[in-house]
Amino acid sequence: MKITNIETMACDAGWRDYHFLKITTDTGIVGWSEYDEGYGSPGVTSVIEYFKPLLMGRSPANHEEFYADAFGRTRPAAGGVVSEGIGAIENALLDAKAKWLNVPCYELLGGKIRDRVRVYWSHAMSWRVRYPEYYGNPITSLDGVREMGAHVRRSGFTALKTNLFLHEGGPLRQWRPGISSPFYPELNVDRIVLRNLREHLDALRDGAGPDMDILIDLNFNARTEGLLRILRETSSHDLFWVEIDSQNPKALAYVRSQSRHPISSCETLLGGRQLLPFLQEEAVDVAIIDAVWNGVWQSMKMAALADIHDVNIAPHNFYGHLCTMMNAHFACAVANFRIMETDVDRLPWDKELFTHEPEYQDGHLIVPSRPGWGTEPVEEAIRARPPKTAAAKH
């Protein structure tokens, strides 16, 4: 089995675009992956194009050989979109190899440990606050937050994650200075942010009930001093974890030492070399790994590294259905699994873009047993929705 063609394609996904990689072989077997270029990672497609000559005529079964060669050729620029491009290719190679062997991808990862993986409803409120034109049911007040918590509970999910919001001085709106929305580069955490966070969590708990696990994602929205203020403000709340993006393992370790809540982080890290210092500094209770960016095979290595340091992992997953399936295979095959992120609010046309949708039961994602990742993009549907530039909407 040899690679004969490599093609990228994209389609409209509302506030962003979905991106896909298709690898065709001389046997007719096609390997697919989904990758992310619409959320802070411009240029991944160019990286994939760069590697085309390296891939043509190779066997997709030799994905570790490809990774070693690709990493060596791009070592001066290791990380960032280069790693994301390599990861996208690796995931498509795994899909092709599994289909060639007529097995689910988790069989390539050592076999599944669990038939279903626990998930949390991610971006509860966020998409309905920011993009009601796509997701419907707009949330504009704390009453809406309360009702959203109740809706997640009634839907059978046992965990949800929220971001930071402000409701004073206008409709409910998300607070995201870490990604320049608003542009507030000093990242100070003022009293109004703390007050709104407390009221938001109270409303959410009131709606979701006492048995719901509530996670909060702070992203890059505060520095160490501000993070400590937030942790003091939320110390009386029962939180599953506080998620923090950080590039400083020592600072994050100090934050963790001051927190009564478990700390999760590392979703923006690429490869074991970037993850290792956070584990050595004991900076996290849960290491979040992005298998879409890293590639599932390399993510298994990162999970093993976390396991050695007695840390569980959680897949980072807020993309299309193919990414959710890729993460499901990853999550079911690692021993040190904690919980998996998933977006339950979907675009009206998401179901048209994939041959199979994720199946949820009682707050868990059922791991598919079909060959490969268990779903494929529908090319006709993708081409019927041309991509658009999503950066301006972010």
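Here, the structure is the one placed above.
One structure accompanies this document, and this report is about it. (Residues numbered from 1 in each chain as written. Predicted model: local features only at pLDDT ≥ 70, side-chain atom pairs only at ≥ 80, totals over all residues. Heavy atoms only, no water.)

**Considerations on the layout of surface pockets**
At step 1: Size it by volume and the largest pocket reaches roughly 660 Å³.
At step 2: The wall of the largest pocket is formed by 32 residues, among which Phe220, Asp245, Glu267, Thr268 and Trp293 lie closest to the centre.
At step 3: Only α3 (80-101), α4 (126-130) and α10 (272-280) provide two or more residues apiece to the lining of the largest pocket.
At step 4: At three residues, the largest contribution of residues to the lining of the largest pocket is made by α10.
At step 5: Residue composition of the lining of the largest pocket, grouped by class: 11 nonpolar, 13 polar and eight charged.
At step 6: Both domains that meet at the lining of the largest pocket, namely domain 1 (3-102 + 380-384) and domain 2 (108-372), each give it at least three residues.
At step 7: Of the volumes computed, that of the second largest pocket is approximately 310 Å³.
At step 8: Forming the boundary of the second largest pocket are 16 residues, of which Tyr67, Phe71, Gly271, Gly272 and Arg273 lie nearest the centre.
At step 9: Looking at the lining of the second largest pocket, the elements with two or more residues in it are α2 (63-73), α3, α10, α11 (291-294) and α12 (296-308).
At step 10: Tallied by class, the residues present in the lining of the second largest pocket amount to seven nonpolar, seven polar and two charged.
At step 11: When residues of the lining of the second largest pocket are sorted by domain, at least three fall in each of domain 1 (3-102 + 380-384) and domain 2 (108-372). (1 Å grid on protein atoms, 1.4 Å probe; cavity = no way out; pocket = protein on both sides within 12 Å on 5 of 7 lines; lining within 4 Å. Points joined across faces, edges and corners; volume = space filled by probe spheres on them. Helix = DSSP H or I, 4+ residues; strand = E, 2+ residues; numbered from the N terminus. Nonpolar A, V, L, I, M, F, W, Y, C, P; charged D, E, K, R; others polar. Domains from an automatic or database assignment.)

**Regarding helix α7 (residues 191-208)**
At step 1: The end-to-end C-alpha separation of α7 is 26 Å, in line with the 26 Å expected for 18 residues at 1.5 Å each.
At step 2: Buried positions along α7 lie against α6 (142-154), β5 (159-162), β6 (165-166), β8 (213-217) and α8 (224-233).
At step 3: Looking one or two places after α7, you find Gly209, whose phi comes out positive at around 90 degrees. (Expected span 1.5 Å × (residues − 1). Contact = heavy atoms within 4.5 Å.)

**Some words on the sheet that holds strand β2 (residues 16-25)**
At step 1: Read from one edge to the other, the open sheet built from three strands follows the order β1-β2-β3, with strand pairing classed as antiparallel. Since the sheet does not close on itself, it has two edges, and those belong to β1 (3-13) and β3 (30-35), each with one partner. Neighbour-to-neighbour, the strand axes of this sheet turn through a mean angle of 20 degrees, independent of strand direction.
At step 2: Alignment of β2 against β3, held across six bridges, turns out to be antiparallel. Among the inter-strand pairings, Leu21 is bridged to a residue of β3, identified as Ser33.
At step 3: Those strands touched by α3 are β1, β2 and β3, and its axis lies near 145 degrees from that of β3.
At step 4: Together, β2 and β3 form the strand contacts of helix α13 (residues 321-333), whose direction differs from that of β3 by roughly 100 degrees. (Pairing = 2+ DSSP bridges. Axes fitted to C-alpha atoms, helices over the stretch in contact; angles between N-to-C directions.)

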